[in-house]
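Geometric and topological summary
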Amino acid sequence: MNRRALCIHGHFYQPTREDPLTGTIPQERGSEPYSNWNEKINATCYLPNAQLGNFEKISFDLGPTLAGWMERNAETTLELVKTSEQKNVAKWGSGNALAQPYHHTILPLSSRQDKVTQVRWGIADYVHTFGHAPEGMWLPETAVDLETLSVMAENGIQFTILAPWQAVEPVDVTQPSRVELPGGRSMSVFFYHSGLSTCISFNADATVNADAFIQNNLKNAYADSSNDQLILLASDGELYGHHQSFRDKFLNYLLNGSLSREEIEYTYPGRWIKEHPPVKVAHIRERTSWSCDEGVRRWEDACGCTPDSSWKRPLRNFMDATAGLVDEQYLRLTRGWLKDPWQARDDFIRVVLGDQSFSGWENEQTARPLHNDEAQVLRCLLKAQFERQRMYTSCGWFFEEFDRIEPRNNIRYAAHALVLTESASGEDLLPKVMPLLRQIRDERGSSTAEEMFEQAVRRFKENA
Ligand SMILES: [Zn+2]
């Protein structure tokens, strides 16, 4: 008999909101009675879903920057999430968590080198959290191009989830597809059901009652077919209890009785693909995403979703120039020290995660033993590389207005990367980016990019 299955994917993610100097999140407006948004969302969404056991029965990705925050501030939640995932590994030989590129960077806008770093850092974080290698990876904003998929495949990732309109030709969303890549590799893609994903995400009336949701919405999505069919719904995980109250309970009810009464099973990609390897080939539309009609334009320029945001292009130009300056000094100063500067950067995530000591990393990566002052410079340069990665966090370009915490944080990270590189190299780098900063203009805000940057530089220098 043909099987009907449902997979609900929840994308759980928050960017870093810690002040780079203090390492703590400042009191955030609107999050009362909690001191910041992460704590509030933990109380309304992450923890209740974990306590209800929902993380065992959905597919999910837990963004590294959120997982790191949980490790330090919401240990109970993280332990419950990990236990849920481990139950699936024990039972089905495959986990239900997907990895995510470390800093939620829009990878089609990144260089190949940065794609590699973000993918490898995301995998390392996953191993740090779940204790085994990931099979799938969720792409930030599902932004995709062939180079990104190739980098993922080269690093052992087998599948991802995309929106159906990211395929060139119409696809059968009830089966995973295969995207062929250069070098004989391929990536399996689960295309989510667009109508139902929109419904569960934005139509609050449809998710009041799980039984009604199945009768009125889900059942219609299955074709009258003799094939096994999987319907995958992709959603923001914070929907379930944070954006919409009680939806953690909706999810729980759906997965614990409602579906089975209708003979619909719940599953997740890693489990489904074992029995249903992709048969059909799909071609992807490069530089597309799930949250902008104009591809990935939202993260580099004004677009239909954010028409009044001409500051976005200059912000990206400033970041790219900063990355160029930081990398130039990194390569110049580490020549003769590091066996492979890019491999060294990729492996540095183990130090960030606390899985390896700096000196252990140094022993592995250097071509010869370094003097203390040289090791100091190296540490500074790698810290700069970390900041230069996180200054590309996609949230900095997501909204229409510039004077918000997200672009401000990215500018702070860029300032930190430059200050660290200046102190390591003795070169004057700040004057080189000032003209680009002045081009980032948004009349609506109370502080300019230059002011944000200069304030950050002052603080970093005072604390150096
Ligand atoms: Zn858009």
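Cut-offs applied
- Residues numbered from 1 in each chain as written.
- Predicted model: local features only at pLDDT ≥ 70, side-chain atom pairs only at ≥ 80, totals over all residues.
- Buried ≥ 20, exposed ≤ 12 C-beta atoms within 10 Å, placed from the backbone.
- Helix = DSSP H or I, 4+ residues; strand = E, 2+ residues; numbered from the N terminus.
- Pairing = 2+ DSSP bridges.
- Contact = placed C-beta atoms within 7 Å.
- Axes fitted to C-alpha atoms, helices over the stretch in contact; angles between N-to-C directions.
- Domains from an automatic or database assignment.
- Nonpolar A, V, L, I, M, F, W, Y, C, P; charged D, E, K, R; others polar.
- Expected span 1.5 Å × (residues − 1).
- Parallel < 35°, antiparallel > 145°, perpendicular 65-115°, else oblique.

Some details on the pairing of strand β5 (residues 177–180)
- Burial along β5 is one-sided: Ser 177 and Val 179 are buried, and none of Arg 178 and Glu 180, which face the opposite way, are.
- Sheet analysis places β5 next to strand β6 (residues 186–191), joined by 4 bridges and oriented antiparallel. Residue pairing in the sheet places Ser 177 in a bridge with Val 189 of β6.
- Linkage of β5 to β6, two consecutive antiparallel strands, is achieved through a turn of 5 residues, within which Gly 183 is found at a positive phi near 80 degrees.

Remarks on the environment of Lys 312
- Relative to the elements of secondary structure, Lys 312 occurs in helix α11 (residues 312–334).
- Considered as a pair, Lys 312 and Ile 440 are 128 residues apart in the sequence and their alpha carbons are 7.5 Å apart.
- Apart from residues lying up to four places away in sequence, Lys 312 is in contact with Glu 300, Asp 301, Ala 302 and Trp 397.

Here we look at the sheet that holds β5
- On the basis of which strands lie adjacent, the open sheet formed by 3 strands has the order β4-β6-β5 and mixed pairing. At either end of the open sheet lies a strand with only one pairing partner, and these are β4 (159–162) and β5. When the angles between neighbouring strand axes are averaged without regard to direction, this sheet yields 40 degrees.
- In this structure, β4 lies alongside β6, joined through 4 bridges in parallel fashion. Of the residues in β6, the one forming a bridge with Phe 159 is Ser 188.
- Across the sheet, helix α6 (residues 146–154) is in contact with β4, β5 and β6; its angle to β6 comes to roughly 115 degrees.

Some points on unusual backbone geometry
- Residue Pro 33 follows Glu 32 across a cis peptide bond; omega there is 5 degrees.
- Even without a glycine there, the phi angle at His 104 is positive, about 50 degrees.
- One non-glycine residue, Glu 263, lies in the positive phi region at around 60 degrees.
- By secondary structure assignment, the location of Glu 263 is in the loop between α9 (247–261) and β8 (264–266).
- Residue classification places Glu 263 among the exposed positions, given that 9 C-beta atoms sit within 10 Å.

Observations concerning the domain arrangement of the chain
- When the domains of the chain are assigned, the result is domain 1 (4–275) and domain 2 (307–462).
- Residues of the side of domain 1 that touches domain 2, tallied by class, amount to 8 nonpolar, 9 polar and 4 charged.

Quick notes on helix α4 (residues 75–92)
- Its 18 residues place the ends of α4 26 Å apart at the C-alpha level, agreeing with the 26 Å of an ideal helix rising 1.5 Å per residue.
- Every buried residue of α4 is accounted for by Thr 77, Leu 78, Leu 80, Val 81, Lys 82, Ser 84, Glu 85 and Asn 88.
- Looking at the buried positions of α4, the neighbouring elements they touch are α1 (37–52), α2 (54–57), β2 (59–62), α3 (64–73), β3 (97–98) and α5 (112–130).
- The positive-phi residue at the C-terminal boundary of α4 is Gly 93, with phi of around 70 degrees.

Remarks on the packing of helix α8 (residues 210–218) against α9
- Here α8 crosses α9 at 70 degrees, and the two axes come no closer than 8 Å. The orientation of α8 relative to α9 falls into the category roughly perpendicular. Contacts between α8 and α9 involve Ala 210, Asp 211, Phe 213 and Ile 214 from the first element and Phe 250, Tyr 253, Leu 254, Ser 258 and Leu 259 from the second.
- Class assignment for the residues of the contact of α8 with α9 results in 7 nonpolar, 1 polar and 1 charged.

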